[in-house]
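# Inside the fold
If you want the building blocks of each chain, they are given just below.
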Amino acid sequence: NKPLVKILDTIMMTDQKYRVAMDKIEKEHGRESKEWKENIEQIVYYDSVNVIKVTAILDKYGWLGADEVGSEGNQALFLVIQHADIEVQQKYLPVMREAVKNKKANSSALALLEDRVALRMGGKQIYGSQIERDEEGKFHVSALEDPENVDKRRAEVGLPPLSEYTRNWNFDWDIAAHKKYINNKKPDTKNK
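Residues numbered from 1 in each chain as written. Predicted model: local features only at pLDDT ≥ 70, side-chain atom pairs only at ≥ 80, totals over all residues. Heavy atoms only, no water.

### Let's talk about the environment of Val 141
- Tracing the sequence through the fold places Val 141 in strand β2 (residues 139–141).
- Given a relative accessible area of 1%, Val 141 falls into the buried group.
- Placed 81 residues apart in sequence, Val 141 and Lys 60 show a C-alpha to C-alpha distance of 36 Å.
- Sequence-distant contacts of Val 141, that is, excluding residues within four places in its chain, are made with Gln 125, Gly 128, Gln 130, Ile 131, Leu 162, Thr 166, Phe 171, Trp 173, His 178, Tyr 181 and Ile 182. (Helix = DSSP H or I, 4+ residues; strand = E, 2+ residues; numbered from the N terminus. Buried < 20%, exposed > 50% of the residue type's maximum accessible area, 1.4 Å probe, protein only. Contact = heavy atoms within 4.5 Å.)

Right under this line is the structure:
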């Protein structure tokens, strides 16, 4: 579906452009800067526009696989839902689960959405995909169910071991440190 491919490619670009810039802006200007705030405003704007477009596509066609809209188009569907508000995530989580069963979405992407929804609903994540910062700016794995078996669950959905994933965030995965952090965490700590 070439028209949808074009639309989804643009959505993918706008979803990622300002998120990719965040690290550079933070390093050069800091999180309190005008540049940081302007970038966040762009993310919020494009997220609101993109969710309208993507939910219209999903409502009309269902979850479209890479064979229909290309791998980037398929990824765009996921990213927009992943970045949406909790109501949208809850509405389309069952749609994405069905898409995974029908080989129209990746189980690894579904794992990320499952984790995000679980945390937003006050629960614990299953796959350890969600990372947060403490008050000092250090990264941590957000609350995690059964951390001893997380790598087994990650492998089942095609995700690398958690120790490999956390290296992308420049910290080491340590179960004992994770449990200590979660047990001592203040309730108002925000998820990244």
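The structure having been displayed, the exposition proceeds.
### Comments concerning the packing of aromatic side chains
- Counted under the stated rule, the structure contains 3 aromatic pairs.
- Members of the aromatic cluster, each reached through a chain of ring pairs, are Tyr 18, Tyr 45 and Tyr 46. (Phe/Tyr/Trp six-rings, centres within 6.5 Å; stacked < 30°, edge-to-face > 60°.)

### What to know about unusual backbone geometry
- Backbone geometry places Lys 103, a non-glycine residue, at a positive phi of 60 degrees.
- Here Lys 103 is to be found in the loop between α5 (86–101) and α6 (107–120).
- Positive phi, normally seen in glycine, also occurs at Asp 146, with a value near 45 degrees.
- When you line up the elements, Asp 146 lands in the loop between β2 and α7 (150–156).

### Description of the packing of helix α2 (residues 22–29) against helix α3 (residues 34–61)
- One can describe the packing of α2 onto α3 by two numbers: an axis separation of 9 Å at closest approach and a directional angle of 160 degrees. Viewed along their axes, α2 and α3 adopt a mutual orientation that is roughly antiparallel. Here α2 and α3 pass one another in a crossing that is left-handed. Counting all contacts with α2, which are made through Met 22, Ile 25, Glu 26 and His 29, the residues of α3 involved are Glu 35, Trp 36, Asn 39, Ile 40 and Ile 43.
- Its residues assigned to classes, the contact of α2 with α3 shows 5 nonpolar, 2 polar and 2 charged. (Axes fitted to C-alpha atoms, helices over the stretch in contact; angles between N-to-C directions. Parallel < 35°, antiparallel > 145°, perpendicular 65-115°, else oblique. Left-handed = near helix turned anticlockwise from the far one by under 90°. Nonpolar A, V, L, I, M, F, W, Y, C, P; charged D, E, K, R; others polar.)

### Things to note about the nonpolar core
- Counting residues in hydrophobic clusters, the biggest one holds 30 residues, and the most contacted among them are Leu 8, Val 54, Trp 63, Leu 77, Ile 81 and Met 96.
- Elements supplying a minimum of two residues to this core: α1 (2–20), α3, α4 (66–82), α5 and α6.
- Residue contacts for Trp 63: discarding those within four places in its chain leaves Leu 58, Glu 68, Asn 74, Leu 77, Phe 78, Ile 81, Tyr 92, Val 95, Met 96, Ala 99, Lys 104 and Ala 105.
- Listed in part, the 9 residues of the second largest apolar core include Ile 131, Leu 144, Val 150 and Phe 171. (Core = buried A, V, L, I, M, F, W, Y, C linked by side-chain atoms within 4.5 Å.)

### Notes on the packing of α4 against α6
- Relative orientation of the contacting elements α4 and α6 amounts to 5 degrees, with a least axis distance of 10 Å. When the interaxial angle is binned, α4 and α6 end up roughly parallel. Across the interface between the two elements, Phe 78, Ile 81 and Gln 82 from α4 touch Ala 109, Leu 112, Leu 113 and Arg 116 from α6.
- Its residues placed into classes, the contact of α4 with α6 shows 5 nonpolar, 1 polar and 1 charged.

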